[in-house]
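An overview of the molecular structure
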Amino acid sequence: MTALRCPHCTRTLASTEALFSHVKAMHGLNAARVCVPDHPVFVREAERRARRQGHDREPSMADLVVEASLNRAMGWPVDRVIAEMFDV
């Protein structure tokens, strides 16, 4: 495990979670965002923001099966990987 240093003070912390908690409590949320950008809180926030802005998420397996079945029924080409995976 690697020790992580706080970029704003002299504290050394044992984990990313501890670093995030320390920076958020002592130096503010914006400092924590810069210091630990891949923290799950910020990842979820970015996903929610993308959904609100209308970006489509990755289709579910059910969506892929339905799309492949409809394409096969209409005589359109079906992605080979999807066809093999779901026997469409």
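Each residue is numbered by its place in its chain's sequence as written, counting from 1. Predicted model: local features are reported for residues with pLDDT of at least 70 only, side-chain atom pairs are reported and counted for 80 or more only, and whole-chain, interface and lining totals are derived from all residues. Only hydrogens and water are removed before side-chain values are computed, so all heavy atoms of the structure are retained for them.

1. Concerning the pattern of salt bridges
Convention followed: Put simply, a salt bridge is a Lys or Arg side-chain nitrogen that is within 4 Å of an Asp or Glu carboxyl oxygen. For helices the rule is a DSSP run of H or I covering at least 4 residues; for strands it is a run of E covering at least 2, with both sets numbered from the N terminus onward. Whether a residue is buried, partly exposed or exposed follows from its accessible area with a 1.4 Å probe, protein chains only, as a fraction of its type maximum: under 20%, in between, or over 50%, in that order.
The final tally for this structure, using the stated rule, is three salt bridges. Across the pair E45 and R33 runs a salt bridge whose closest N-O atoms are separated by 3.0 Å. With a gap of 12 residues between them, E45 in helix α3 (residues 40-52) and R33 in helix α2 (residues 29-35) connect regions that are remote in the sequence. Owing to a relative accessible area of 30%, R33 belongs among the partly exposed residues under this scheme. Where E84 meets R80, a salt bridge forms, and the shortest distance between an N and an O atom there is 3.1 Å. Within this pair, E84 and its partner R80 are both found in helix α5 (residues 80-86), separated by four residues, close to a single helical turn. As far as burial versus exposure is concerned, E84 and R80 are alike and both exposed. Among the ionic contacts, a cluster of salt bridges with common partners joins R33, E45 and R49.

2. Things to note about α3
Under the convention used in this document: Expected span, for any helix, means 1.5 Å times one less than how many residues it has.
The end-to-end C-alpha separation of α3 is 18 Å, in line with the 18 Å expected for 13 residues at 1.5 Å each. G54 sits one or two positions beyond α3 and adopts a positive phi of about 95°.

3. Topic: the state of the cysteines
Structurally, a disulfide amounts to a covalent bond that connects the sulfur atoms of two cysteines. Stated formally: Defined by distance alone, a disulfide is two cysteine sulfur atoms within 2.5 Å.
Under the defined criterion, the tally for this structure stands at zero disulfides. C9 takes part in no disulfide bond, and the closest cysteine sulfur to it belongs to C6, at a distance of 3.6 Å. Looking at C9, the relative accessible area reads 27%, which means it is partly exposed. C35 takes part in no disulfide bond, and the closest cysteine sulfur, belonging to C6, lies 6.2 Å away.

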